[in-house]
Amino acid sequence: MYYGADYYPEHWPEERWDDDARMMQAAGFNVVRMAEFAWTRMEPREREFNFAWLDRAIELLARYGISSVLGTPTAAPPAWIMAAHPDATLIREDRQPVTYGSRRNYCPNNAAYRAHSARIVRAMAEHYAGNPDVIGWQIDNEFGGRCYCPTCQAAFQRWLQERYGSLGALNAAWGTEFWSHIYTAWEQIPLPWSTTGVHNPGLALNYRRFMSDSYVGYQREQIDILHEVCPGVPITHNLMGFRYPNLDYFDLTEDLDWVSWDNYPRIRGVPDAANRALAHDTMRGLKNKPFWVMEEQGGPTGNATVALAPRPGEIPYWAWEAVAHGADGIVYFRWRTARFGAEEYWHGILDHHGEPGRRYEEVKAMGRIVQRLGDKLKDSAVRAQTAMLLSYDSRFAFQNQPHNPHLDYPNVFAELYRALWKLNAGVDIVSPAADLSAYKVVVAPMLYIVDEALANKLRDYVSQGGALVLTCRTGVMDVDNMVVDQQLPGLLGELCGVVVDEYDSLEDGRTVPLQWAEDLEDVAGGATAWADVLSLREAEALAYYAGEYYAGVPAVTRNRVGKGQVIYAGTVPDAAVAQSLMARLAVEAGVTSPLEAEPGLEVVERIAEKARYLFILNGGSDAISVDVGSGGQELVQDETVSGVIHIPALGVRIIEQPLGNSAID
Ligand code: GLA
Ligand code: ZN
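Here we summarise the structure given alongside this text. Only a predicted model underlies this, so the values are computations on that prediction, with no experimental measurement involved.

Turning next to the overall build of the protein. On a plain count of helices and strands, the protein comes out with 17 helices and 28 strands. Taking 26 Å as the expected radius of gyration for a compact globule of 665 residues, we find that the protein reaches 26 Å, a close match to that expectation. In terms of overall dimensions, the protein has C-alpha extents of about 75 × 75 × 45 Å along its principal axes. Looking at the protein as a whole, 59% of its 665 residues are labelled buried. Across the protein, the 57 positively charged side chains and the 87 negatively charged ones have centroids separated by 4 Å.

Taken together, Phe 37, Arg 103, Asn 141, Glu 142, Asn 238, Asp 262, Tyr 264, Glu 295, Phe 333, Glu 343 and Trp 346 make up the full set of residues adjacent to ligand 1. At a separation of 2.9 Å, an oxygen atom of ligand 1 approaches a polar side-chain atom of Asn 141. Here an oxygen atom of ligand 1 and a side-chain polar atom of Glu 343 are 2.4 Å apart. Partitioned by chemical class, the residues of the shell around ligand 1 number four nonpolar, two polar and five charged.

Within the protein, Cys 107 (SG), Cys 147 (SG), Cys 149 (SG) and Cys 152 (SG) serve as the donor atoms for the zinc ion (ligand 2), at 2.2 to 2.3 Å. Metal-centred angles of 100 to 116 degrees between the four donor atoms at the zinc ion (ligand 2) mark the site as tetrahedral. Counting the intervening residues between successive donors of the zinc ion (ligand 2) yields the motif C-x39-C-x1-C-x2-C. Across the pair, exposure class does not vary: Cys 147 and Cys 149 are buried alike.

What follows deals with the sheet that holds strand β4 (residues 134–138). Hydrogen bonds between backbone groups are what pair the strands of a sheet, and the pairing can be parallel or antiparallel. As summarised here, the arrangement of the nine strands in space is β5-β4-β3-β2-β1-β9-β8-β7-β6, forming an open sheet in which the pairing is parallel. Either end of the sheet is taken by a strand with one partner, and the two such strands are β5 (235–236) and β6 (238–239). As judged from the four bridges shared by strand β1 (residues 2–6) and strand β9 (residues 327–333), these two strands associate in the parallel manner. The residue bridging Ala 5 from the neighbouring strand is Tyr 332, located in β9. The strands that helix α12 (residues 358–373) touches are β1 and β9; relative to β1, the one it contacts most, it runs at about 150 degrees.

Moving on, we come to the packing of helix α10 (residues 273–287) against helix α11 (residues 314–324). α11 packs onto α10 with a crossing angle of 40 degrees between their chain directions and a minimal axis gap of 10 Å. On the basis of the axis angle, α10 is oblique to α11. For the pair α10 and α11, the crossing hand works out as right-handed. Within the contact between the two elements, α10 uses Ala 273, Arg 276 and His 280 and α11 uses Tyr 317, Trp 318, Glu 321 and Ala 322. Broken down by class, the residue content of the contact of α10 with α11 amounts to four nonpolar, one polar and two charged.

Turning to its location among the elements, Glu 321 is positioned in helix α11. If we ignore the near neighbours within four places in the chain, the residues touching Glu 321 are Ala 273, Arg 276, His 280, Glu 602 and Leu 617.

One pass over the full model with this rule turns up 37 aromatic pairs. When the centroid spacing of 5.8 Å and the interplanar angle of 75 degrees are considered together, the rings of Phe 29 and Trp 335 count as edge-to-face. A residue pair is termed long-range when its members are at least 10 positions apart, and Phe 29 in the loop between α1 (14–26) and β2 (31–34) and Trp 335 in the loop between β9 and α12 qualify at 306 residues. For Phe 29, a relative accessible area of 3% gives the class buried. Judged by centre distance (4.9 Å) and plane angle (40 degrees), the ring pair of Phe 178 and Trp 179 falls under tilted. Side by side, Phe 178 and Trp 179 carry an identical accessibility label, which is exposed.

Let's shift gears to the packing of helix α6 (residues 150–164) against helix α7 (residues 167–174). Between α6 and α7, the shortest axis-to-axis distance is 9 Å and the interhelical angle comes to 90 degrees. For the element pair α6 / α7, the angle class is roughly perpendicular. Contacts from Phe 156, Leu 160 and Tyr 164 in α6 reach Ala 169, Leu 170, Ala 173 and Trp 174 in α7. Here the residues of the contact of α6 with α7 are counted per class, giving seven nonpolar, no polar and no charged.

A word on helix α8 (residues 201–229). Taking 1.5 Å of rise per residue, 29 residues should cover 42 Å, and α8 covers 43 Å from first to last C-alpha, within 8% of that figure. With 22 of its 29 residues buried, α8 lies for the most part within the structure. Its side-chain oxygen placed 2.6 Å from the backbone nitrogen of Gly 202, Asn 200 serves as the N-cap of α8.

Applying the stated criterion across every chain yields a total of 37 salt bridges. As a salt-bridge pair, Arg 16 and Asp 20 come within 2.8 Å of each other at their nearest N and O atoms. Residue Arg 16 and its partner Asp 20 are located together in helix α1, separated by four residues, close to a single helical turn. Side by side, Arg 16 and Asp 20 carry an identical accessibility label, which is buried. What emerges from the salt-bridge pattern is a single network uniting Asp 6, Arg 33, Glu 36 and Glu 295.

Conventions adopted
Residues numbered from 1 in each chain as written. Chains lettered and ligands numbered in written order. Predicted model: local features only at pLDDT ≥ 70, side-chain atom pairs only at ≥ 80, totals over all residues. Heavy atoms only, no water. Helix = DSSP H or I, 4+ residues; strand = E, 2+ residues; numbered from the N terminus. Rg over C-alpha atoms; globule rule 2.2 N^0.38 Å. Buried < 20%, exposed > 50% of the residue type's maximum accessible area, 1.4 Å probe, protein only. Lys, Arg positive; Asp, Glu negative; His and termini not counted. Charge placed at Lys NZ, Arg CZ, Asp CG, Glu CD. Near = heavy atom within 4 Å. Polar contact = N/O pair within 3.5 Å; in protein donor to acceptor, adjacent residues only side chain to side chain. Nonpolar A, V, L, I, M, F, W, Y, C, P; charged D, E, K, R; others polar. Donors = N, O, S within 2.8 Å, 3.2 Å for Na, K, Ca; no water. Tetrahedral: all angles 85-135°; square planar, octahedral: opposite > 155°, others 65-115°. Pairing = 2+ DSSP bridges. Contact = heavy atoms within 4.5 Å. Axes fitted to C-alpha atoms, helices over the stretch in contact; angles between N-to-C directions. Parallel < 35°, antiparallel > 145°, perpendicular 65-115°, else oblique. Left-handed = near helix turned anticlockwise from the far one by under 90°. Phe/Tyr/Trp six-rings, centres within 6.5 Å; stacked < 30°, edge-to-face > 60°. Expected span 1.5 Å × (residues − 1). Salt bridge = Lys/Arg side-chain N within 4 Å of Asp/Glu carboxyl O.

The values reported here are purely geometric and, on their own, carry no functional implication.
This is the structure in structure tokens:
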């Protein structure tokens, strides 16, 4: 396992570096990430490179057994580059350029900026090629944002030309007949700049796809250089978890060797274990491989304002949670809190003064256990019996037409995830291209954009025995964001065995009560955000609406197809309904938790070649007991356990169970 911190030696006097390295070693660190915002330090003037300071830092850390991941510095362009290329500045939706300052202020399609990026990346790569202490690269930092500049407009037009071939095809696919938008030259096609109303949905969706592709392309230029000059050294980018809305993370990570992401549970609001788990599972799902947390919260977050400090025990708890969900590397942000710059209040493990404190001691205590774990978890896989299908296309389309404030794709997704997560049976987050056959249950919320290939895949999955859960707003659009010319749920209508006669957008936030069909008992909870008024074809009703003008009409249905079944919820079931639905489905589909655990305990299995590792996590504030049966070697306390054990508040236990020849079912 890798364990360490994000380190900015350039922010501190060189005389301090040795103390830092010594304290890091004492905390069990074996890795740091460095250099990711140090462009001007490394290239103060064009083609004048200075890596001596970084060489010294890498070397010193290596003497303490600490390897380096180097970041390419392109997220924060030097003033001298942006002054020379004003057109490299990111332009906002209102066509105003951002002011120089902060970061992420460049256009990803600007040729001059790309040339500067390529130069610094090549120079770094050539300088560090073959250096055994540089064990990985991170490209840029947290890609994101959208640019609306003339370069991007021209690039968008070329991108569309490739996608559609002819203007005729584009006009037909977008329905530009509407309001006389028919384009007669590619140059006429605008970006969705702020205008008098809503843009054509085909244009709006494709712009989002194009912008996501722009970062994928920009990233690829850097990857190609690094792979060419430093073959075999793995490359990552630090992503922003499930919640980041503007990039197709499946596309962005395709070219990367491994995924990493930045986990800040206490930025605002109350930390939520299900949301953290969802983010980890999403990051693991991108490449279906172990990932790193490249920035794990190490102190109170804040820039202009300061958030609540992580409570005692939370920092290591969040880190263990990441490990349970598939992380092989935990890198805290940041080693020591900066005394200057925009993030003076984004605290690291050490405070401004640099003396070890409570947070350092917690990280250090975890470091000892990480050392005990060594490489045991390497290449191990989190076992997941269920999956959720994440469609960035559908998500992008809702950004343009959100329907109503209570029908938010990521929130609906997260609440259904929570219901699955509570089963303690593992959830993989997969793309529409994924193979679903291994999962007992697949939930695909608000699958708004569906093509034939996806419809066929879902049909096969169900007929071969899968249990599929769909919601309202499924099968509404074709891939160009044009409404299908069938009754809903469109291409999935036959599979679902229902027809949506009409629908009701509950934009005022009301909840419509439900009744279970089997006993006409009231369901605890109800239907929110949206209500499809359904007619049954082959399907049976599982629940009816018990209010509004559609009282007595089916709200949730089941259709048995082949060996499997598909549940269609013509609404957004609230948490209570979602949980009882999933619990019932779990029983039918044979989804089981590795341990009978009380609510409040999270159980995750990681399966390695020779052993399985059972993580038991208690994120609550009271101790909980659990029967671990024959148990095994417990790696946190370093003792043998069996029978009933007690997990303290914010406690984690990892039970190692050797795998015999018997295959895991
Ligand atoms: C992000 C960035 C870091 C830093 C932290 C704290 O996740 O990747 O560079 O800015 O947030 O704000
Ligand atoms: Zn641009």
